[in-house]
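Coordinate analysis (summary)
Here's the letter readout for the chains.
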Amino acid sequence: MKKKMRWIVLIPLVVIVSSGIGIWVLTSNWLESGQNPKADGTNQYAIVLGAKVKKGNIPSLSLQYRLDTALAYAQKYPHVKFVLSGGQGHDEDIEEAVVMRDFLLENGIDESRLILENKSTSTYENLLLSQELLPSDIDSVTLITSDYHLQRAKILASKLGWESDVVAAKTPKVVEFKVRTRERAALLKAYILGN
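Residues numbered from 1 in each chain as written. Predicted model: local features only at pLDDT ≥ 70, side-chain atom pairs only at ≥ 80, totals over all residues. Heavy atoms only, no water.

1. Concerning the packing of aromatic side chains
What counts is decided by this rule: For this analysis, a ring pair means two rings from Phe, Tyr or Trp (six-membered ring only for Trp) whose centres lie within 6.5 Å, classed as stacked if their planes differ by under 30 degrees, edge-to-face if by over 60, and tilted for the remaining angles. Here the term buried applies to any residue with accessible area under 20% of the maximum for its type, exposed to any over 50%, and partly exposed to those in between, with areas from a 1.4 Å probe on protein chains only.
Going through the model one piece at a time under the given rule, you end up with two aromatic pairs. Considering the side-chain rings of Tyr73 and Tyr77, the 4.8 Å spacing of their centres and the 55° angle between planes classify their relative orientation as tilted. Looking at Tyr73, the relative accessible area reads 6%, which means it is buried. For the pair Tyr73 and Phe82, a centre-to-centre distance of 6.4 Å together with 85° between the ring planes defines the contact as edge-to-face. Residue classification places Phe82 among the buried positions, given a relative accessible area of 1%. Taken together through their ring pairs, the aromatic side chains of Tyr73, Tyr77 and Phe82 make up a single cluster.

The structure is reproduced here in structure tokens:
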């Protein structure tokens, strides 16, 4: 009887652990595939996805890495225009898009190349509200965000009818494990629910 009870406990445990490992491997592959295709200046518009702004209107490290990446891309491809997408969170004093614009202006990017989307509060809204600001015939965009975030952004862009290529900003080491773990759940949700 004891042996039978052990199997009753052991079999579900093995199934749960195996499923967890399978999901981890699957989402790891998704995170990696998000970093392609790499942008080469073909798209006329790039969307820079926002991240937290700290007190004093200071970009978080994640947002700073995205901004540094966007700045380098803007300097390399001077014909590309940028939608800076990010609203104001409940714990932020200013919209993320405004902080992004100020950084790019301070670093020599002409204001005529910058479009502000300052209402969004999620990745889906980043893209949906950015789409409303672009010409209706645009069917392909460049996405600039943290490396771990690209696959979900691509999925959501596709649901809005966009093709996309990407520019990956590095992820701060201090938050890498936390954000990559959380992103796995968000990716599953995006695949299943589409937002």
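2. A short note on the pairing of strand β6 (residues 140-146)
Keep this limit in mind: Numbering of helices and strands runs from the N terminus, with a helix taken as a DSSP run of H or I at least four residues long and a strand as a DSSP run of E at least two residues long. Only when DSSP finds a minimum of two bridges between them are two strands counted as paired.
β6 sits mainly inside the fold: six of its seven residues count as buried. Sheet analysis places strand β1 (residues 45-49) next to β6, joined by three bridges and oriented parallel. Within the sheet, the bridge partner assigned to Val48 lies in β6 and is Ile144. Bridge count between β6 and strand β7 (residues 163-169): seven bridges; the pairing is parallel. Bridged to Ile144 within β7 is Val167.

3. Focus: the nonpolar core
As a rule of thumb, soluble globular proteins bury nonpolar side chains together. To be explicit about the condition: Put simply, buried Ala, Val, Leu, Ile, Met, Phe, Trp, Tyr and Cys residues joined by side-chain atoms within 4.5 Å make one nonpolar core. Contact definition: two residues touch when any of their heavy atoms are within 4.5 Å.
Counting residues in hydrophobic clusters, the biggest one holds 26 residues, and the most contacted among them are Val48, Leu63, Tyr73, Phe82, Leu84, Leu104 and Ile144. Elements with a contribution of two residues or more to this core: β1, α2 (61-76), β4 (81-85) and α3 (96-106). In contact with Val48, not counting residues within four places along its chain, are Arg66, Ala70, Phe82, Val83, Leu84, Ser85, Met100 and Ile144.

4. What to know about the sheet that holds β6
We apply this condition: Axis lines are fitted through C-alpha atoms, for helices just across the contact stretch, and the angle between N-to-C directions can take any value from 0 to 180 degrees.
Strands sit in the order β5-β4-β1-β6-β7 across an open sheet of five strands; the sheet is parallel. Two strands lie at the open edges of the sheet, namely β5 (114-117) and β7, each paired on one side alone. Between one strand axis and the next, the sheet turns by 25° as a mean value, whatever way the strands run. Bridging between β4 and β5 involves four bridges; their strand directions are parallel. Bridging from a neighbouring strand, Leu84 pairs with Leu116 of β5. The strands that helix α4 (residues 123-133) touches are β1, β4, β5 and β6; relative to β5, the one it contacts most, it runs at about 125°.

5. With respect to the packing of α2 against α3
Counted only if it meets this: Working rule for angles: under 35 degrees goes down as roughly parallel, over 145 as roughly antiparallel, 65 to 115 as roughly perpendicular, anything else as oblique. Should the near helix be turned anticlockwise from the far one by less than a right angle, the crossing is left-handed, and should it be turned clockwise, the crossing is right-handed.
Packing of α2 against α3 brings their axes to within 10 Å, and their N-to-C directions diverge by 45°. In terms of their interaxial angle, α2 and α3 are classed as oblique. With respect to the hand of their crossing, α2 and α3 are arranged in right-handed fashion. Touching Leu63, Gln64, Leu67, Asp68 and Leu71 of α2 are Val99, Met100, Phe103 and Leu104, all from α3.

All quantities given are derived from atomic positions and should not be read as evidence of function.
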